[in-house]
There are 2 protein chains.
Amino acid sequence: MGEFTADESHPRYNSLLSRHKLEIAASKGMLADSAMIAHGRGEAFDYLLGEESSNNAIIATKNALAHLNAAKRPIITINGNTAALAGKELMQIAEALNCPIEINIFYRTEKRISAIIEHLEAIKTEHGITTKILGEKPDAKIPGLEGPRANCCHEGIFSSDVILVPLEDGDRCEALVKMGKTVIVVDLNPMSRSAKMASITIVDEISRVAKNMIDLIESDYKNEIDIDFVNKKNLQKSINIIAANYMS
Amino acid sequence: MGEFTADESHPRYNSLLSRHKLEIAASKGMLADSAMIAHGRGEAFDYLLGEESSNNAIIATKNALAHLNAAKRPIITINGNTAALAGKELMQIAEALNCPIEINIFYRTEKRISAIIEHLEAIKTEHGITTKILGEKPDAKIPGLEGPRANCCHEGIFSSDVILVPLEDGDRCEALVKMGKTVIVVDLNPMSRSAKMASITIVDEISRVAKNMIDLIESDYKNEIDIDFVNKKNLQKSINIIAANYMS
């Protein structure tokens, strides 16, 4: 894997940097076969969204952070793609929230879990982060799911009241909502099943979302739950942005 | 690489089959690192288009085939993704048109070219196809392009009058148009530079396009050039389909 040499002034800098991070993650064994395809789908939606955090994405992000702050047992889950793209930032957010993170991958193999943990532990050491990483030894199951994707940790996902699950699959999102949790999803497709199913959907790219959350944490932003927030209405605004880009 | 075992009744059968074909192609060294991401982008647009050939895609396909039929020196170009997804069908179309195919990859390496040729030669043997495969020894350059992506064969792309270039990059599409060729592009994103630049853009998935062309060839369809065809107007119809899916 070569050094990343693109200049920050390159119009596709962020896109190239993301791809580079994913290629490194793939070479470390962190990603499922479908990870690159999933990333490409995200790229297409991000292109349609104008590759920036919309106002409604910021509103959803603020509300999500307020819910995580107010939670008794918040949890941030990380899969291979999010570990590659925003592992450091998500652990920094967990550190600020004083909550653990849990590795939560759809196509679970011990080898991939280990590769992701190794990647995240290296980031922890480099940046002095102390966040606890769960997921290596699942000891609970998400009711209503079959097979390895039901596995989770009792101390983490299972007992959480507010859960941030970037890039979640629709079935598992539904199962988590049915457990009574406030489920925060980050998804670039505002029409996906997860997007429609979640309590709060942030239609934005995960590394932008993580940076926005860190900015909010570091600012003196008054972090209150938005009682007027209606996820369906917020989602519709993202749909409208895409439709407007098409109609112009 | 395991056997492909999904049932044809599976709602995502075609999507899973395409992924399986690409995974095999990747394991054979036929694909660039960015191939899976490109496929994922295509999947997102195909999802927005309803995963079927629209009426306007059929109109563009018919017109494209009429232009290929009427050409003095037609050529069909194939890259790694199209070789994996529709290699057999594109060679069958070339056989019917009595034209060669040319391997034409953006990130050109001799290793990838050889892997693609090996893949296509195996298909030729298996299906009794005699189409000539060009691209191994480029001896001409596309004017206006730099580096390996300018390379092409004099007997093929360089001397062609009508060229089918599935999944082409914008710069090369523009350079081919500037050479005075009728450039037929297959692209799922109706707003891409290639889509806007091409003489005829088929906004559809390559394996569906190839099957549609074979059906047209095998039927007694009267194959006339559509003198009322305006690519921009045809493209707008695909944009409208996507916008309508968003607005509903």
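Read on for a plain summary of the structure.

Rules used in this analysis
- Residues numbered from 1 in each chain as written.
- Chains lettered and ligands numbered in written order.
- Predicted model: local features only at pLDDT ≥ 70, side-chain atom pairs only at ≥ 80, totals over all residues.
- Heavy atoms only, no water.
- Helix = DSSP H or I, 4+ residues; strand = E, 2+ residues; numbered from the N terminus.
- Rg over C-alpha atoms; globule rule 2.2 N^0.38 Å.
- Buried < 20%, exposed > 50% of the residue type's maximum accessible area, 1.4 Å probe, protein only.
- Contact = heavy atoms within 4.5 Å.
- Salt bridge = Lys/Arg side-chain N within 4 Å of Asp/Glu carboxyl O.
- Least-squares fit on C-alpha atoms with pLDDT ≥ 70 in both.
- Pairing = 2+ DSSP bridges.
- Axes fitted to C-alpha atoms, helices over the stretch in contact; angles between N-to-C directions.
- Polar contact = N/O pair within 3.5 Å; in protein donor to acceptor, adjacent residues only side chain to side chain.
- Nonpolar A, V, L, I, M, F, W, Y, C, P; charged D, E, K, R; others polar.
- Phe/Tyr/Trp six-rings, centres within 6.5 Å; stacked < 30°, edge-to-face > 60°.
- Expected span 1.5 Å × (residues − 1).

**As for the overall build of chain A**
Counting secondary structure elements, chain A contains 10 helices and 8 strands. At 17 Å, chain A has a C-alpha radius of gyration in line with the 18 Å of a compact globule built from 248 residues. Projecting the C-alpha coordinates of chain A onto the three principal axes gives extents of approximately 50 × 45 × 40 Å. Residues classed as buried in chain A amount to 56% of the 248 residues present. Of all intrachain contacts in chain A linking residues separated by at least 6 positions in sequence, the fraction that spans at least 24 positions is 63%.

**A closer look at the pattern of salt bridges**
This structure, assessed with the given rule, holds 24 salt bridges over all chains. In this structure, Asp171 of chain A engages Arg193 of chain A in a salt bridge whose closest nitrogen and oxygen atoms are separated by 2.8 Å. Separated by 22 residues along the polypeptide, Asp171 of chain A in helix H7 (residues 170-178) and Arg193 of chain A in helix H8 (residues 193-197) bring together distant segments of the chain. For Asp171 of chain A, a relative accessible area of 30% corresponds to the partly exposed category. Judged by its relative accessible area of 40%, Arg193 of chain A is partly exposed. Note that Arg149 of chain B and Asp171 of chain B form a salt bridge whose closest N and O atoms lie 3.4 Å from each other. Here Asp171 of chain B lies in helix H7 (residues 170-178) and Arg149 of chain B lies in the loop between strand E4 (140-141) and strand E5 (151-152), a separation of 22 residues in the sequence. Overlapping salt bridges bring together Arg149, Asp169, Asp171, Glu174, Lys178 and Arg193 of chain A as one network.

**A word on the relation of the copies chain A and chain B**
Take chain A, turn it by 180°, move it 0.0 Å along the axis, and it overlays chain B with an RMSD of 0.0 Å. The symmetry that links the two subunits is that of a two-fold axis.

**A few points about the sheet that holds strand E3 (residues 133-134) of chain B**
Residues and elements named next belong to chain B. What the 6 strands build is an open sheet, ordered E3-E2-E1-E6-E7-E8; its pairing is parallel. Two strands lie at the open edges of the sheet, namely E3 and strand E8 (200-202), each paired on one side alone. Contacts from H7 reach strand E6 (162-166) and strand E7 (182-186), with the element oriented near 155° to E7.

**Points about the interface of chain A and chain B**
Each partner contributes to the interface: chain A provides 24 residues, whereas chain B provides 24 residues. Scanning the region where chain A abuts chain B turns up 2 salt bridges. Glu43 of chain B serves as the salt-bridge partner of Arg41 of chain A, at 2.7 Å between the closest nitrogen and oxygen. Here chain A and chain B share 5 residue pairs in polar contact (both at pLDDT 80 or more) between them. Elements with a contribution of two residues or more to the side of chain A that touches chain B: helix H1 (13-27), helix H2 (35-48) and helix H10 (231-247) of chain A. Ranked by residues supplied to the side of chain A that touches chain B, first place goes to H2 of chain A with 10 residues. Among the residues forming the side of chain A that touches chain B, the class breakdown is 13 nonpolar, 6 polar and 5 charged.

**Brief notes about the packing of aromatic side chains**
Tallying each qualifying case throughout the model produces 2 aromatic pairs over all chains. Ring geometry for Phe45 of chain A versus Tyr47 of chain B: centroids 6.4 Å apart, planes at 75°, classification edge-to-face. One end of the pair, Phe45 of chain A, is in helix H2; the other, Tyr47 of chain B, is in helix H2 (residues 35-48), on a second chain. Since its relative accessible area comes to 4%, Phe45 of chain A is described here as buried.

**What to know about H1 of chain A**
Counting along an α-helix, one turn takes 3.6 residues, and residues three or four places apart therefore face a common direction. Look at H1 of chain A: 21 Å from first C-alpha to last across 15 residues, which is about the 21 Å you get at 1.5 Å a residue. Of all the positions in H1 of chain A, only Tyr13, Ser15, Ser18, Arg19, His20, Leu22, Glu23 and Ala25 of chain A are classed as buried. Buried-residue contacts for H1 of chain A involve H2 and helix H4 (80-97) of chain A together with H2 of chain B. One or two residues past the end of H1 of chain A sits Gly29 of chain A, with phi positive at roughly 80°.

**As for helix H9 (residues 206-218) of chain A**
Residue and element names in this part refer to chain A. When the terminal C-alpha atoms of H9 are compared, their 18 Å separation across 13 residues agrees well with the 18 Å that a helix rising 1.5 Å per residue should span. Those residues of H9 that sit buried are Ile206, Ser207, Val209, Ala210, Asn212, Met213, Ile214 and Leu216. Tucked inside the fold, the buried residues of H9 contact helix H3 (55-70), H4, strand E6 (162-166), strand E7 (182-186) and strand E8 (200-202).

**Considerations on unusual backbone geometry**
Residue and element names in this part refer to chain A. The backbone phi angle of Glu51 is positive, close to 55°, even though this residue is not glycine. Structurally, Glu51 can be placed in the loop between H2 and H3. Although it is not a glycine, Asn98 sits at a positive phi angle of roughly 60°. Its location among the elements puts Asn98 in the loop between H4 and strand E2 (101-103). For Asn98, a relative accessible area of 72% corresponds to the exposed category.

Keep in mind these values describe shape, not function.
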